[in-house]
Amino acid sequence: MNVVLLPGDGIGPEVVAATTRVLDRVGDFDYETHLIGGAAIDADGNPLPDRTLAACEAADAVLLGAVGGPKWDTTDPAKPRPEQGLLGLRKALGLFANLRPVKPLTALLDASPLKRDRIEGTDLLVVRELTGGIYFGRKERNADGAIDECAYTRPEVERIAHVAFRAARRKVTSVDKANVMETSRFWREVVVGVGRDTYPDVPLEHMLADNTAMQLIARPADFDVIVTENLFGDMLSDEAAMITGSIGMLPSASLGEEGRPGLFEPVHGSAPDIAGRGIANPLATILSAAMMLRHGFGSSAEADALESAVDRTLQDGLRTPDLGGDATTDQATEAVLEHLK
Ligand code: IPM
Ligand code: MG
């Protein structure tokens, strides 16, 4: 299996290196490492060099660390931004479905800022539309104003709705802002149509995005699959991550059409404040590699093994600083390897 590694910026290289050590324990992978984000801007002036894109298109899967950091922060529309690398890659690979599972591990129930009885039983999946909406609409800027356009087409909404209905075990909650936005009213109608025509047995409910932000904290265990457009999904998945105690724990998979490579990455981002200190939590990247094994390679036994090794590592009490402990990246990786023996 040919895996392209895109370590990227900040703690990205540290968590990706940790994860390849773990992957090597469960399989035989050929890695090719390429530049993306700020690292690629520094080397190439371009956050998504052609070589990187070509390698990803030819790969079986892509494992990404993180992109971005204060060094490249700018509000100048003419300057390249690291995030353009990731967004360009998502678009070029057609990765329209972003899956972000949120399931607090038993060992971490007390690490969450929410009370244990609120979060116990939470097992939800955010299905975020990833290649449309305001992220990819027309953008304009002049001296006196700026525009970000939000647009969705029927096929874009239909295909993500199918992903959500297929993943549902209890129900689908479609999140929008149909009381304000035209794209949301359209989204709602299309999702209703997909449910009625293809998944009549799966209960479907609609929830406004602001209310969802509140309900996620008030009763997270009531959710099953949340399907939503790009920007709401971005925000709600960060919020949902905190249910697990740390955004350092949340993995993700971004998938396109059958047969095309998926992209697997932790949700936490580049964490420039702790980069290079060897204390980043590698577990979300290891769990993203588990999603790669399951969704990319159909190796569910190996995926289960990784997930249970992470689980047992935490049960043993290991905690990196984001979880209130003082374990290093290396110690966390060693502990996972130990549990894979
Ligand atoms: C994410 C990130 C990205 C996004 C950034 C880095 C462009 O926040 O994957 O959630 O907004 O999609
Ligand atoms: Mg985000």
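Below you will find a few notes about this structure. Keep in mind that this is a model prediction, so the values were computed, not measured.

**Examining the overall build of the protein**
Logical step 1: On a plain count of helices and strands, the protein comes out with twelve helices and twelve strands.
Logical step 2: On C-alpha atoms alone, the protein measures out to a radius of gyration of 20 Å, which is about the 20 Å that the 2.2 N^0.38 rule sets for 341 residues.
Logical step 3: Overall size of the protein, expressed as C-alpha extent along the three principal axes, is 50 × 50 × 40 Å.
Logical step 4: Classification of the 341 residues of the protein by burial places 51% in the buried group.
Logical step 5: Here the analysis covers contacts within the protein between residues at least 6 apart in sequence; of these, 75% occur between residues at least 24 apart.

**What to know about the site of ligand 1**
Logical step 1: Looking at ligand 1, the residues that line it are Glu83, Arg90, Arg100, Arg128, Tyr135 and Asp234.
Logical step 2: Within the contact set of ligand 1, an oxygen atom lies 2.5 Å away from a side-chain nitrogen or oxygen of Tyr135.
Logical step 3: At a separation of 2.8 Å, an oxygen atom of ligand 1 approaches a polar side-chain atom of Asp234.
Logical step 4: Coverage of ligand 1 by the protein chains reaches 78% of its 320 Å² of free accessible surface.

**Notes on the side chain of Ser112**
Logical step 1: Its location among the elements puts Ser112 in the loop between strand S4 (97–102) and helix H5 (116–119).
Logical step 2: Looking at Ser112, its side chain comes within polar contact range of the main-chain nitrogen of Leu114, at 2.9 Å.
Logical step 3: Of note is the side chain of Ser112, whose polar atom sits 3.2 Å from the backbone oxygen of Ile243.

**Side note on the sheet that holds strand S9 (residues 204–208)**
Logical step 1: Strand order in the open sheet formed by ten strands is S2-S1-S3-S12-S11-S4-S5-S10-S8-S9, and the pairing between neighbours is mixed. For this open sheet the edge positions go to strand S2 (30–33) and S9, each flanked by a neighbour on one side alone. Strand-to-strand twist across the sheet, computed as the mean angle between neighbouring axes with direction ignored, equals 25°.
Logical step 2: As defined by bridge partners, strand S5 (residues 124–129) adjoins strand S10 (residues 225–228) across four bridges and the pair is classed as parallel. When the bridges of S10 are listed, Val126 appears paired with Ile226.
Logical step 3: Its contacts with the sheet place helix H3 (residues 50–58) against strand S1 (2–8), S2 and strand S3 (61–66), and it is angled at close to 145° to S1.

**Regarding the pattern of salt bridges**
Logical step 1: Under the criterion given, the structure shown has 26 salt bridges.
Logical step 2: We note a salt bridge from Arg21 to Asp330, for which the minimum N-O separation is 3.9 Å. Pair noted here: Arg21 is in helix H1 (residues 12–26) and Asp330 is in helix H12 (residues 329–340), with a separation of 309 residues, a long-range link.
Logical step 3: Close ionic contact of Asp234 with Arg128 constitutes a salt bridge, the shortest N to O distance being 3.6 Å. Of this pair, Asp234 sits in helix H9 (residues 230–241) while Arg128 sits in strand S5; the two residues are 106 residues apart in sequence, bridging distant segments of the chain.
Logical step 4: Judged by relative accessible area, Asp234 falls into the partly exposed class, the value being 26%.
Logical step 5: The structure contains a network of salt bridges with shared partners spanning Arg21, Asp330 and Glu334.

**Considering the nonpolar core**
Logical step 1: By size, the foremost hydrophobic cluster in this structure holds 52 residues, and its most contacted members are Val127, Met249, Leu306, Val310, Leu314 and Val336.
Logical step 2: The leading source of residues in this core is helix H10 (residues 283–296), at eight residues.
Logical step 3: When we break this core down by domain, the ones giving at least three residues each are domain 1 (1–94 + 267–341) and domain 2 (112–244).

**Structural notes on the side chain of Thr228**
Logical step 1: Examined against the element boundaries, Thr228 turns out to sit in strand S10.
Logical step 2: Under the relative-accessibility criterion, Thr228 is labelled buried at 0%.
Logical step 3: Within the structure, Thr228 has its side chain in polar contact with the backbone oxygen of Val175 (distance 2.9 Å).
Logical step 4: When sequence neighbours within four positions are dropped, the list of residues in contact with Thr228 reads Val127, Arg128, Glu129, Val175, Trp187 and Gly233.

**Details of H9**
Logical step 1: With twelve residues, H9 should reach 16 Å at 1.5 Å per residue; the first-to-last C-alpha distance of 16 Å fits that figure.
Logical step 2: Turning to H9, its buried residues number three or more, namely Asn230, Phe232, Gly233, Leu236, Ser237, Ala240 and Ala241. Looking straight down H9, one finds that the buried residues subtend no more than 155° of arc, so they occupy a single side.
Logical step 3: The inward-facing, buried residues of H9 contact S4, S5, strand S8 (172–176), helix H7 (182–198), helix H8 (209–218) and S10.
Logical step 4: Backbone nitrogen of Leu231 and a side-chain oxygen of the N-cap are separated by 3.1 Å at the start of H9; the cap is Glu229.

What counts, and where the lines are drawn
- Residues numbered from 1 in each chain as written.
- Chains lettered and ligands numbered in written order.
- Predicted model: local features only at pLDDT ≥ 70, side-chain atom pairs only at ≥ 80, totals over all residues.
- Heavy atoms only, no water.
- Helix = DSSP H or I, 4+ residues; strand = E, 2+ residues; numbered from the N terminus.
- Rg over C-alpha atoms; globule rule 2.2 N^0.38 Å.
- Buried < 20%, exposed > 50% of the residue type's maximum accessible area, 1.4 Å probe, protein only.
- Contact = heavy atoms within 4.5 Å.
- Near = heavy atom within 4 Å.
- Polar contact = N/O pair within 3.5 Å; in protein donor to acceptor, adjacent residues only side chain to side chain.
- Areas by Shrake-Rupley, 256 points an atom, 1.4 Å probe, with all protein chains shown as cover.
- Pairing = 2+ DSSP bridges.
- Axes fitted to C-alpha atoms, helices over the stretch in contact; angles between N-to-C directions.
- Salt bridge = Lys/Arg side-chain N within 4 Å of Asp/Glu carboxyl O.
- Core = buried A, V, L, I, M, F, W, Y, C linked by side-chain atoms within 4.5 Å.
- Domains from an automatic or database assignment.
- Expected span 1.5 Å × (residues − 1).
- Arc of directions from axis to C-beta.

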